[in-house]
Amino acid sequence: MNATIYLHKGKEESLLRFHPWVFSGAVKRIEGDIREGDLVEVCSSKGDFLGLGHYQIGSIAVRILSFQAREIDRHFWKEKIINAWHCRQSLRIGSGNADSNTMRLIHGEGDGLPGLIVDLYGDTAVLQAHSVGMHRERHTIAELLCETIPPIRNVYYKSETTLPFKADIPDTEREDGYLIGRCETTEPTATENGLRFRIDWLRGQKTGFFIDQRENRSLLEHYANGKDVLNMFCYTGGFSCYALRGGARLVHSVDSSAKAVELVNRNVALNFDEETQKRHQAFAADAFKFLENIKDKYDLIILDPPAFAKHRSALRNALQGYRKINARAFEQIRPGGILFTFSCSQAVNREQFRLAVFSAAAISKRHVRILHQLTQPADHPINIYHPEGEYLKGLVLQVE
Ligand code: SAH
């Protein structure tokens, strides 16, 4: 450890309650040499030890790895990885289950490893670093993943878009690619509850697939029978495939990206015979435009937009966006229709999202009931001391 960070008086409160972030405004002074990504000790203004973590330039100055003084060595990483794996095994997702080979293995703060995401697709782990500290540990983590988690043979590193772009990391190090092994299949797929989805680690969003909607897609399947379904912001078409399997009469998938439209068509073809495929159609279109002219066309609408607020500063606009898009859906959906609506913005909390949807309902002047309140599945655990970790919020609403 080369450096110690001392906080302003009173700024130790959140760390004493195990919140794993130190905001830059809380930092009074830094003693010693420090580079972005280094391990630092964090102390109160009086010099009491508070925690150890990775130092980062930006609004979050330190992401805490341990609230106890200890070595952050190979043993530390191994212990965390094994704990995460035991947790997933107890959930019976993925490995050993022929219907599913896909799970989130490490979910940042939820697994005590802020800045690190690891998703597992069969025998390939996709590792994503959100901090320079985690970037520097990538080789150790990749080795330990292969050593300790039985199904893992390959580790793909995909952090080009998640590492802070100003960070002092050579371009060659930023490049995505395999750290260990190489997936032999030319068209790797994620299997989820018996449905298959083509994964594009190289160009796909996130690690290639939105694993976090697994249970919500399953719920949708139960509502789909005989319905006309609109899957807005469809990306790989997860919800569309579940709707088709659930017996939907027709499914329309919409995304502004032509690449996504290609993906959803491919995934529908991967799972269904030609007769069933005829019940599906995908469109490249803007959501706000598409929702203007669909009066009484659909019984079931899914709205799963990208995070409207990436940062707290964008909160107001984001809430407006949620209000507007949900109001459209309420106005257009058939009487008795069901709306699955989501927000994955970390900066928007559950109450704020619910309020935005409430306002949207009021604008449309329709009677709306909440049937389900949805969240992320257990392989995306929420550290109770880090409420920001509850990023996925969803409501299933019936519109009279
Ligand atoms: N529901 C998906 C994930 C959605 S990700 C799943 O279950 O996997 C959000 C998607 O919204 C992205 O694919 C992005 O291309 C698309 N998107 C972003 N802005 C859009 C807009 N204005 N209109 C339509 N699609 C948009």
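Look above for the structure.
Treat the numbers as computed from the prediction; the structure is a model and nothing was measured. Along each chain, numbering runs from 1 in the same order as the chain's sequence is written. At least 70 in pLDDT is required for a residue's local features to be given in this predicted model, at least 80 for side-chain atom pairs to be given and counted, and no such filter applies to totals for whole chains, interfaces and linings, which use all residues. Values reported for side chains reflect all heavy atoms of the structure, with hydrogen atoms and water molecules removed beforehand.

Our next topic: the site of the ligand. Near the ligand lie 16 residues; those nearest to it are Arg-217, Asp-255, Asp-286, Ala-287 and Asp-304. Pairs of N or O atoms are called polar contacts if they sit within 3.5 Å, as long as, within protein, a hydrogen donor faces a hydrogen acceptor (for residues adjacent in sequence, only side-chain-to-side-chain pairs). Gln-205 is positioned with one of its side-chain polar atoms (N or O) 3.0 Å from an oxygen atom of the ligand. Residue Asp-255 places a side-chain N or O atom 2.6 Å away from an oxygen atom belonging to the ligand. Here the open area of atoms and residues is found with the Shrake-Rupley method and a 1.4 Å probe, where only the protein chains shown may cover a residue. When isolated, the ligand has an accessible area of 580 Å², and the protein chains bury 88% of it. Each residue is tested against the molecule or strand, and it is near if at least one of its non-hydrogen atoms lies within 4 Å.

A word on helix 7 (residues 238-245). Throughout this description, buried means an accessible area under 20% of the type-specific maximum (1.4 Å probe, protein chains only), exposed means over 50%, and partly exposed covers the range between. Numbering goes from the N terminus for both helices and strands, where a helix is a DSSP run of H or I of at least four residues and a strand is a run of E of at least two. Judged by how many residues are buried, helix 7 sits mostly within the fold: 7 of 8 residues are covered. Note on helix 7: the residue one or two positions beyond its end, Gly-247, has a positive phi of about 95°.

Right, let's get into the packing of aromatic side chains. Here a Phe, Tyr or Trp ring, Trp counted by its six-membered ring, pairs with any other such ring whose centre lies within 6.5 Å, and the pair is stacked when the planes are under 30 degrees apart, edge-to-face when over 60, and tilted otherwise. Throughout the structure, instances matching the rule amount to 12 aromatic pairs. With a centroid separation of 5.0 Å and an interplanar angle of 75°, the aromatic rings of Tyr-156 and Tyr-178 are classed as edge-to-face. Of this pair, Tyr-156 sits in strand 10 (residues 154-157) while Tyr-178 is found in strand 11 (residues 177-180), placing the two residues 22 residues apart along the sequence. Taking 5.7 Å as the distance between ring centres and 45° as the angle between the ring planes, the aromatic pair formed by Phe-283 and Phe-290 counts as tilted. Its end group placed over the ring of Tyr-157, Arg-138 keeps NZ or CZ at 5.8 Å from the ring centre. Remark: a charge is flagged as sitting over a ring if the NZ atom of Lys or the CZ atom of Arg is within 6 Å of the ring centre and within 35 degrees of the ring normal.

One finds Tyr-121 and Phe-340 to be the most contacted residues of the largest nonpolar core, which totals 38 residues. For this core, the element with the most residues is helix 7, which contributes 5 residues. Boundaries between domains were set according to an automatic or database domain assignment. Counting contributing residues per domain, this core is built from domain 2 (74-189) and domain 3 (210-399), each supplying no fewer than three. If we ignore the near neighbours within four places in the chain, the residues touching Tyr-121 are Asn-101, Thr-102, Val-126, Ala-190, Ile-199, Trp-201, Thr-207, Gly-208, Phe-209 and Ile-211. Among buried residues, those of type Ala, Val, Leu, Ile, Met, Phe, Trp, Tyr and Cys that are joined through side-chain atoms within 4.5 Å constitute a nonpolar core. Residue contacts are counted whenever heavy atoms from the two residues lie within 4.5 Å of one another.

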